[in-house]
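Spelled out from the first residue to the last, the chains are:
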Amino acid sequence: MDTIKYQLADSQIPTTWYNLAADLPVLSPPLHPGTGQPATVEDLLGIMPKELAEQELTLERDIEIPSVVRQIYAQWRPSPLFRARRLEKLLDTPARIYYKYEGGSPAGSHKPNTGIAQAFYNKEAGIRRLATETGAGQWGSSLSLAGAFFGLEVKVFMVKVSYHQKPYRRALMHSYGATCVPSPSTETAAGRGILAEDPDCPGSLGIATSEAIEVAMNDPFTNYAGGSVLNHVALHQTVIGKEALLQLEMAEDYPDIVIGAAGGGSNLAGLAFPFLGEQLRGGRRVRVIAAEPAACPSLTQGKVAYDFGDSTGLTPLLKMHTLGHSFVPPAIHAGGLRYHGIAPLVSQALEDGLMEARAVPQTRCFEAGVTFARTEGIVPAPESTHAIRVAIDEALRLKEEGRSEAILFGLSGHGHFDLTAYEKYLGGELVDEGYDQELVARSLAKLPQQFGSESADSQVAGS
Ligand SMILES: Cc1ncc(COP(=O)(O)O)c(C=O)c1O
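Residues numbered from 1 in each chain as written. Predicted model: local features only at pLDDT ≥ 70, side-chain atom pairs only at ≥ 80, totals over all residues. Heavy atoms only, no water.

**Comments concerning the sheet that holds strand 7 (residues 153-159)**
Now for step 1: Taken in spatial order, the four strands line up as 8-7-6-9 in an open sheet, and their pairing is parallel. The sheet is open, and its two borders are formed by strand 8 (179-183) and strand 9 (222-224), each paired with just one other strand. Here the average twist between neighbouring strands, direction ignored, is 25°.
Now for step 2: As paired strands, strand 6 (residues 129-134) and strand 9 are joined by three bridges and run parallel to one another. Pairing of alanine 131 across the sheet is with tyrosine 224, part of strand 9.
Now for step 3: Contacts from helix 6 (residues 138-150) reach strand 6 and strand 7 within the one sheet, and its direction differs from that of strand 6 by about 165°. (Pairing = 2+ DSSP bridges. Helix = DSSP H or I, 4+ residues; strand = E, 2+ residues; numbered from the N terminus. Axes fitted to C-alpha atoms, helices over the stretch in contact; angles between N-to-C directions. Contact = heavy atoms within 4.5 Å.)

**What about the environment of arginine 403?**
Now for step 1: With respect to the helices, strands and loops of the structure, arginine 403 is situated in the loop between helix 17 (382-401) and strand 15 (406-411).
Now for step 2: When the C-alpha positions of arginine 403 and leucine 195 are compared, they lie 54 Å apart, and in sequence the two are 208 residues distant.
Now for step 3: Residues contacting arginine 403, with those up to four places away along its chain left out, are Pro94, Ala95, Arg397 and Leu398.
Now for step 4: A distance of 2.7 Å separates polar atoms of two side chains, one belonging to arginine 403 and the other to glutamate 401. (Polar contact = N/O pair within 3.5 Å; in protein donor to acceptor, adjacent residues only side chain to side chain.)

**Points about the confidence of the model for the protein**
Atom-level detail of predicted coordinates should not be read off regions where pLDDT is low.
Now for step 1: Here the protein shows a mean pLDDT of 95. Residues at 70 or above account for 97%.
Now for step 2: Low pLDDT (under 50) marks residues 451-463, which in the prediction has 35 contacts with non-local residues, meaning those over four places away or in another chain. (pLDDT = per-residue confidence, 0-100.)

**Description of the site of the ligand**
Now for step 1: Taken together, 16 residues form the shell around the ligand, and within it Ser228, Gly265, Ser266, Asn267 and Ser412 come nearest.
Now for step 2: A distance of 2.5 Å separates an oxygen atom of the ligand from a polar side-chain atom of serine 228.
Now for step 3: Between glycine 263 and the ligand, the recorded distance is 2.8 Å, taken from a backbone N or O atom to an oxygen atom.
Now for step 4: Contact with the protein chains covers 98% of the free accessible surface of the ligand, which is 390 Å².
Now for step 5: Its residues assigned to classes, the shell around the ligand comprises three nonpolar, eleven polar and two charged. (Near = heavy atom within 4 Å. Areas by Shrake-Rupley, 256 points an atom, 1.4 Å probe, with all protein chains shown as cover. Nonpolar A, V, L, I, M, F, W, Y, C, P; charged D, E, K, R; others polar.)

**Quick word on the pairing of strand 5 (residues 96-101)**
Now for step 1: The element strand 5 is largely enclosed, with a buried count of five among its six residues.
Now for step 2: Inspection of the sheet shows strand 5 paired to strand 15 by six bridges, in the parallel sense. In the strand pairing of strand 15, isoleucine 97 is matched with isoleucine 407. (Buried < 20%, exposed > 50% of the residue type's maximum accessible area, 1.4 Å probe, protein only.)

**Considerations on empty space enclosed by the protein**
Where empty space is left in the structure can be found by rolling a water-sized probe over the atoms.
Now for step 1: Under the criterion given, the structure shown has two cavities of 30 Å³ or more.
Now for step 2: Residue lining of the largest cavity: 44 residues in total, with Lys111, Glu133, Gly227, Ser228 and Val229 positioned closest to the centre.
Now for step 3: Contributing elements (two or more residues each) for the lining of the largest cavity: helix 2 (50-57), strand 6, helix 6, helix 10 (205-217), helix 13 (266-280) and helix 17.
Now for step 4: At three residues, the largest contribution of residues to the lining of the largest cavity is made by helix 10.
Now for step 5: A breakdown of the residues in the lining of the largest cavity according to their chemical character gives 19 nonpolar, 21 polar and four charged.
Now for step 6: Empty space within the second largest cavity amounts to approximately 40 Å³.
Now for step 7: In terms of lining, the second largest cavity is formed by Lys100, Glu102, Ile240, Asn267, Leu271, Gly410, Leu411 and Ser412.
Now for step 8: Contributing elements (two or more residues each) for the lining of the second largest cavity: helix 13 and strand 15.
Now for step 9: The residue makeup of the lining of the second largest cavity, split by class, is three nonpolar, three polar and two charged. (1 Å grid on protein atoms, 1.4 Å probe; cavity = no way out; pocket = protein on both sides within 12 Å on 5 of 7 lines; lining within 4 Å. Points joined across faces, edges and corners; volume = space filled by probe spheres on them.)

**Re the packing of helix 16 (residues 362-376) against helix 18 (residues 419-426)**
Now for step 1: Orientation of helix 16 relative to helix 18, taken along the N-to-C sense of each, is 105°, at an axis distance of 10 Å. By the angle class used here, helix 16 and helix 18 are roughly perpendicular. Contact residues: helix 16 offers Thr363, Phe366, Glu367, Gly369, Val370 and Arg374, while helix 18 offers Ala421, Tyr422, Tyr425 and Leu426.
Now for step 2: The class makeup of the residues in the contact of helix 16 with helix 18 is six nonpolar, two polar and two charged. (Parallel < 35°, antiparallel > 145°, perpendicular 65-115°, else oblique.)

Below, the structure is given as structure tokens:
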């Protein structure tokens, strides 16, 4: 029998997370927007517990995973690595295609890998409530799950367009005991300000993040929990790549190409960073490709600059590829990819030539998603279809060149709550949305000057 899936034992769940910051030659630290100086652990304490603030800034390579977190991981980890044999056959490609499937977690994606860790540290610190943003609802439902496990209240600001597109994600959050409101909302000054300017604003991850941070800053027992972008989130996701390294060893193979969908960058980081770490320490070279939406192309069209992680300027300044924190992306169905920036570590890896990026339009992604569902059986999350699109394109290129290489991509979640989008695609109703270049230009013009008035006037989270 041909091997289809590579399974590890529970005892092989990684005991440490891997921190790429330890191996990157150049790093640009987050800055306090008031002083322009590197942010300190103390600067972050108003919205996150000490352990997470330390993880955000540490240069240590290996960070121990608490045993309580590992025990909960054991419910869905180690996640399976699949060889996509039926897809390979359909494409008639000499490429060997592998995918690491994170959709088997209770919430259906990679997001609980960090949700559980963040809830654990917050509970230990005596926090009672977590506030967060969510796009398509994958992160919101993952944090809601974590809140249920640790007895924490969870308040989710869900991007308005997704709130209406994905009602069952909302219901899932409620079932876990969380509350969920559409963003921009009237519950925060940030939301009210945006609604006053644009009552029909569809929302964005940046806006929802502002609302969640504002709630956290105004209550000492509420912290903010981020679903992506931040260093500690990328760190927690590295269990994915660490497991994949072992599973490919079982397959007696090694990837030539590693591909992940890129929204804020966390699943891509989680899968690719352990491989990049091997490479940076003298191991084999891999091509890493970030697959981003053509409608929100921060990596391929953005500017590298210090910018805010949210829309109203409450976060520290992060050095990253950005379309500008005030950019509101078109309402594509991959709601988790509608983010103006990208994780600073992913951004740095691209700058350092350790990574490539490719922008793909949504109809070509749904086409790849349907092909995948019909060959491998799993209906992928719209976000994950971006990685599949690029994997298929690479496999077809290898076919043309008559070369066999190993491709590994991240199947970051299932699309069971996204079937309305599939119905629309199958009914020919989905269109490709470009991004409004003028809007991006205007948004980039509002980038904070490092010591300029915009940043100096901003309030930094936690200070
Ligand atoms: C299934 C899935 N994949 C990918 C993403 C993109 O986020 P990130 O780039 O942080 O992995 C999301 C975000 O919500 C998601 O739900």
